[in-house]
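One-letter residues, chain by chain:
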Amino acid sequence: MKYSNPLSSIPQPIQGYIDYLLLNVYSLSSSGLYEGKMGFAIVLFELSRFDNNEYLEEQAYEVLKEALVSKQEDCSLDHGLAGIGYGLLYLIQNKFIEADFKELFEEQHLQVIKHIKVLLEQSINVIELTSLLNYLYAYQLYSKDTDMKVLAGLIKSKVVRLLAETYNKSVEDGIYSEVPTSLVQYQTQYFLKTCCYTEQYLDEEFFDVLLKFIEAKYVVVSPLILAYLSVLKRENQNILTFIEKGYDSVLSSLKFNFLSSNEYIDLHYFLKHTSFNKVECSLSLNLRDKFRQVLPSIDIKSYPLVLKHNISFASGLPRHLLHYVYQESKVINSLINPFI
């Protein structure tokens, strides 16, 4: 199974990575998005269109078929049915395939919705709950089903409550780390990111709590948190005042060299996304210009050893190949974020 093609517009080292991807894809036991075949299918479809390559498109269809016929009870976004459905919706929305989602996936969709309703009653897992906002948003875009908005609103409200409880407990217990690697930091950044891409705008109460913890340094303002706040702020005067007052000092203190490769990809994607480029307030425009000036570019050819042995869509070779396609594209029109 060999892809390498001297006539391809894709540079030779990256063609080798694609070969490695094809070599490993059929050995995957999972059909999910993060660690399985659906994540691979998305990457192969994107590469086939980018390179106008029929062979890659054929392989993408084969991988997609295997992902869709899998039987499983897991309904999560990372490993289960929600992730498979999300990938299918991404491919339909971006016109990689012509398909009726309900015909292919209605039974599994109902399983996911049932799972979400159980989580709303029982779960306190912020990341799991937040991740499912992505599925509901993608399905609502496709189906125009307003019930999805209602469910998403319930998830958002529960996550806001759970985060507020976590913030308050951090203060009561005196938990503070000078290195922003805590679970609270990750949960906050992931929630703000997801709200950005699923149009879940937040109320004054949440921003007031968040600002209190930023000022107390229980949550550190990372480049991505600042980026997401510039979109989510809406008319919240406290957020506007906070960002504008500390704008130069916050930007000057941002440590781009501490970003993970996933965070670099998230920030590059954010800067090119057309819907965010329509936010014409001076704060968002200035922020994007500043980030473009200082954010290093990602060269997939520069760290082959890290990539080649990690075939996870969540953080490895497939994700970086997808980023390569998006980085080479002039604009991003997709309404569904592939880098969730």
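These numbers were taken from a predicted model, which means no experiment stands behind them.

Explain the overall build of the protein chain residue by residue, including any values.
Each helix and strand in the protein chain was counted, giving 17 helices and zero strands. Counting only residues that meet the buried cut, the protein chain has 55% of its 340 residues in that class. Counting only contacts in the protein chain whose residues sit at least 6 apart along the sequence, the fraction spanning at least 24 positions is 70%. Carbon and sulfur atoms make up 52% of the accessible area of the protein chain, which amounts to about 15,900 Å² in all.

Summarise the environment of Asp-147; cite the residues concerned and give the values.
Along the chain, Asp-147 turns up in helix α7 (residues 146-173). Sequence spacing of Asp-147 and Leu-136 is 11 residues, and the spatial spacing of their C-alpha atoms is 9.3 Å.

Got a sec to walk through a negative patch on the surface? Specific residues and values, please.
Taken together, the side chains of Asp-203, Glu-204, Glu-205 and Asp-208 make up a negatively charged region of the molecular surface. Summarising the element assignment, Glu-204 is placed in helix α9 (residues 204-215). By relative accessible area, which is 42% here, Glu-204 ends up partly exposed.

Can you tell me about the side chain of Gln-189, naming the residues and giving the values?
Structurally, Gln-189 can be placed in helix α8 (residues 183-198). Of the polar contacts made by the side chain of Gln-189, one reaches the side chain of Ser-222; its length is 2.6 Å. For Gln-189, the contacting residues outside a window of four places in its chain are Ser-222, Leu-224, Ile-225, Tyr-228 and Glu-263.

Go over the pattern of salt bridges with me, naming the residues and quoting the values.
This structure, assessed with the given rule, holds four salt bridges. Lys-65 is the partner of Glu-62 in a salt bridge, and the nearest nitrogen-oxygen pair spans 3.6 Å. Placement of the pair is Glu-62 and Lys-65 together in helix α3 (residues 54-68), with a separation of three residues, close to one helical turn. With its nearest N and O atoms 3.3 Å apart, the salt bridge here joins Glu-165 to Arg-161. Separated by four residues within a single helix, Glu-165 and Arg-161 lie in helix α7, roughly one turn from each other.

Now, about the packing of helix α2 (residues 37-51) against α3: what can you tell me, with residues and values included?
Between α2 and α3, the least distance of the axes is 8 Å, while the angle of their chain directions is 160°. Overall, the two elements α2 and α3 adopt an arrangement that is roughly antiparallel. Relative to α3, the crossing made by α2 is left-handed. Contact with α2, carried on its side by Lys-37, Met-38, Phe-40, Ala-41, Leu-44, Phe-45, Leu-47 and Ser-48, involves Leu-56, Glu-57, Gln-59, Ala-60, Tyr-61, Val-63, Leu-64, Glu-66, Ala-67 and Leu-68 of α3 and no other residues of that element.

Which residues make up the environment of Asn-125, and what values do they have?
Along the chain, Asn-125 turns up in the loop between α5 (101-122) and α6 (126-143). Remark: the alpha-carbon pair of Asn-125 and Val-159, spanning 34 residues in sequence, is separated by 8.6 Å. Of note is the side chain of Asn-125, whose polar atom sits 3.1 Å from the backbone nitrogen of Ile-127. At 3.0 Å, the side chain of Asn-125 forms a polar contact with the backbone nitrogen of Glu-128.

Any details on the packing of α2 against helix α4 (residues 81-93)? Residues and values, ideally.
The contact between α2 and α4 brings their axes to 9 Å, and the two run at 15°. As far as their axial angle goes, α4 and α2 are roughly parallel. Judged by the twist between their axes, the crossing of α2 over α4 is left-handed. Here α2 contributes Met-38, Ile-42, Phe-45 and Glu-46 to the contact with α4, which in turn contributes Gly-83, Ile-84, Gly-87, Leu-88, Tyr-90 and Leu-91.

Go over the confidence of the model for the protein chain, please, and point to the residues and values.
Summary statistics for the protein chain give a mean pLDDT of 82 and a share of 78% for residues scoring 70 or more. Segment residues 177-181 is flagged for pLDDT under 50; beyond a separation of four residues in sequence, or across chains, it makes two contacts in the model.

So what's going on with the environment of Cys-196? Residues and values would help.
Summarising the element assignment, Cys-196 is placed in helix α8. Residue classification places Cys-196 among the buried positions, given a relative accessible area of 5%. Separated by 32 residues in the primary sequence, Cys-196 and Tyr-228 place their C-alpha atoms 6.4 Å from one another.

Cut-offs and rules
- Residues numbered from 1 in each chain as written.
- Predicted model: local features only at pLDDT ≥ 70, side-chain atom pairs only at ≥ 80, totals over all residues.
- Heavy atoms only, no water.
- Helix = DSSP H or I, 4+ residues; strand = E, 2+ residues; numbered from the N terminus.
- Buried < 20%, exposed > 50% of the residue type's maximum accessible area, 1.4 Å probe, protein only.
- Contact = heavy atoms within 4.5 Å.
- Areas by Shrake-Rupley, 256 points an atom, 1.4 Å probe, with all protein chains shown as cover.
- Patch = residues over 30% accessible without salt bridge, like charges linked within 9 Å, V, L, I, M, F, W, Y side chains within 5 Å.
- Salt bridge = Lys/Arg side-chain N within 4 Å of Asp/Glu carboxyl O.
- Lys, Arg positive; Asp, Glu negative; His and termini not counted.
- Charge placed at Lys NZ, Arg CZ, Asp CG, Glu CD.
- Polar contact = N/O pair within 3.5 Å; in protein donor to acceptor, adjacent residues only side chain to side chain.
- Axes fitted to C-alpha atoms, helices over the stretch in contact; angles between N-to-C directions.
- Parallel < 35°, antiparallel > 145°, perpendicular 65-115°, else oblique.
- Left-handed = near helix turned anticlockwise from the far one by under 90°.
- pLDDT = per-residue confidence, 0-100.

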